[in-house]
Amino acid sequence: AQSVTQPDIHITVSEGASLELRCNYSYGATPYLFWYVQSPGQGLQLLLKYFSGDTLVQGIKGFEAEFKRSQSSFNLRKPSVHWSDAAEYFCAVGAYNTDKLIFGTGTRLQVFP
Amino acid sequence: EPEVTQTPSHQVTQMGQEVILRCVPISNHLYFYWYRQILGQKVEFLVSFYNNEISEKSEIFDDQFSVERPDGSNFTLKIRSTKLEDSAMYFCASRQGRANEKLFFGSGTQLSVL
């Protein structure tokens with residue numbers, strides 16, 4: 001079955017600390033992978049995506065993610081978190097032959113000063 | 001950055017009533033989508049729409065749901081007879097091209113069915 005798992009429901013970090021949000025997927029076809037961020041009252045904003053090529057992808061706001069096929073993972077990282085990064089983060093998977101994205105349940109990030 | 005606009009931001013309705021959720025996708029986009037998120041659950045795909053017809057739909061998108069692009073700018077989701085379990089945040093999204101293009105989401109309509 002196609003699915004996305006984000007094992008961490010809620011993460012709290014101090015401002016300036018590094019961050020890693022985990023994402024594992026199960027997908028039959030070659031996956032397209034995405035990370036979205038949702039701030040309160042806002043829509044889903046694309047942080048970054050992976051389709052092919054270099055497995056380390058850079059996104060907006062200083063985020064990066066690494067695709068590891070052997071681990072079926074696409075973890076999101078940021079070396080130094082800012083208070084404005086507090087939001088809900090969603091990992092999603094799709095494919096070239098479908099319009100449908102499958103989302104994880106999200107990870108809520110809280111940042112302490 | 002261009003935006004997808006959704007109205008209203010909140011909608012309250014009685015069970016059994018019809019609701020129409022409205023979206024204005026980005027003007028040069030060709031692919032349109034509805035997703036929903038029940039409180040505390042995953043964002044779920046409902047339907048995709050291209051060239052004035054549904055291109056893909058999920059099992060959630062039953063006969064109670066319909067979509068329309070009535071005037072070339074708006075994209076609507078209609079729920080004919082709302083149920084309590086339809087209460088959710090509904091997101092509209094649009095994309096210029098196919099899967100390798102960026103998908104732009106609106107800020108959502110929170111639907112509450114009483």
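Above this note sits the structure.
Model, not experiment: these values are computed from the prediction.

## Quick word on the pairing of strand β6 (residues 44-50) of chain A
Residue and element names in this part refer to chain A.
Here is step 1: Within β6, 5 of the 7 residues are buried, which leaves the element mostly enclosed by the surrounding structure.
Here is step 2: Pairing between strand β5 (residues 32-38) and β6: 6 bridges, direction antiparallel. When the sheet's bridge partners are listed, Val37 is paired in β6 with Gln45.

## Quick notes on the sheet that holds strand β7 (residues 65-68) of chain B
All names here are of chain B.
Here is step 1: Spatial ordering of the open sheet is given by β1-β3-β8-β7, a layout of 4 strands whose pairing is antiparallel. Whereas interior strands pair on both sides, the edge strands pair on one side only; in this sheet they are β1 (5-7) and β7. Across this sheet, the average inter-strand angle for adjacent strands is 20°, counted without regard to direction.
Here is step 2: In the sheet, β1 pairs with strand β3 (residues 19-24) via 3 bridges, with the strands oriented antiparallel. Residue pairing in the sheet places Thr7 in a bridge with Arg22 of β3.

## Describing the interface of chain B and chain A
Here is step 1: With 21 residues of chain B at the interface, the matching set in chain A holds 23 residues.
Here is step 2: Interface of chain B and chain A: buried area, both sides summed, is about 1,800 Å²; carbon and sulfur atoms make up 53% of it.
Here is step 3: Counting every contact that joins chain B to chain A gives 2 residue pairs in polar contact (both at pLDDT 80 or more).
Here is step 4: Among the secondary structure elements, those contributing two or more residues to the side of chain B that touches chain A are β4 (31-37), β5 (43-50), β6 (53-57) and β9 (88-95) of chain B.
Here is step 5: Looking at the side of chain B that touches chain A element by element, the count peaks at 4 residues for β4(B).
Here is step 6: Grouping the amino acids of the side of chain B that touches chain A by side-chain chemistry returns 9 nonpolar, 6 polar and 6 charged.

Parameters and conventions
Residues numbered from 1 in each chain as written. Chains lettered and ligands numbered in written order. Predicted model: local features only at pLDDT ≥ 70, side-chain atom pairs only at ≥ 80, totals over all residues. Heavy atoms only, no water. Buried < 20%, exposed > 50% of the residue type's maximum accessible area, 1.4 Å probe, protein only. Helix = DSSP H or I, 4+ residues; strand = E, 2+ residues; numbered from the N terminus. Pairing = 2+ DSSP bridges. Axes fitted to C-alpha atoms, helices over the stretch in contact; angles between N-to-C directions. Contact = heavy atoms within 4.5 Å. Buried area = accessible area lost by both parts, 1.4 Å probe. Polar contact = N/O pair within 3.5 Å; in protein donor to acceptor, adjacent residues only side chain to side chain. Nonpolar A, V, L, I, M, F, W, Y, C, P; charged D, E, K, R; others polar.

It is worth stressing that arrangement in space is one thing and function is another; only the former is reported here.
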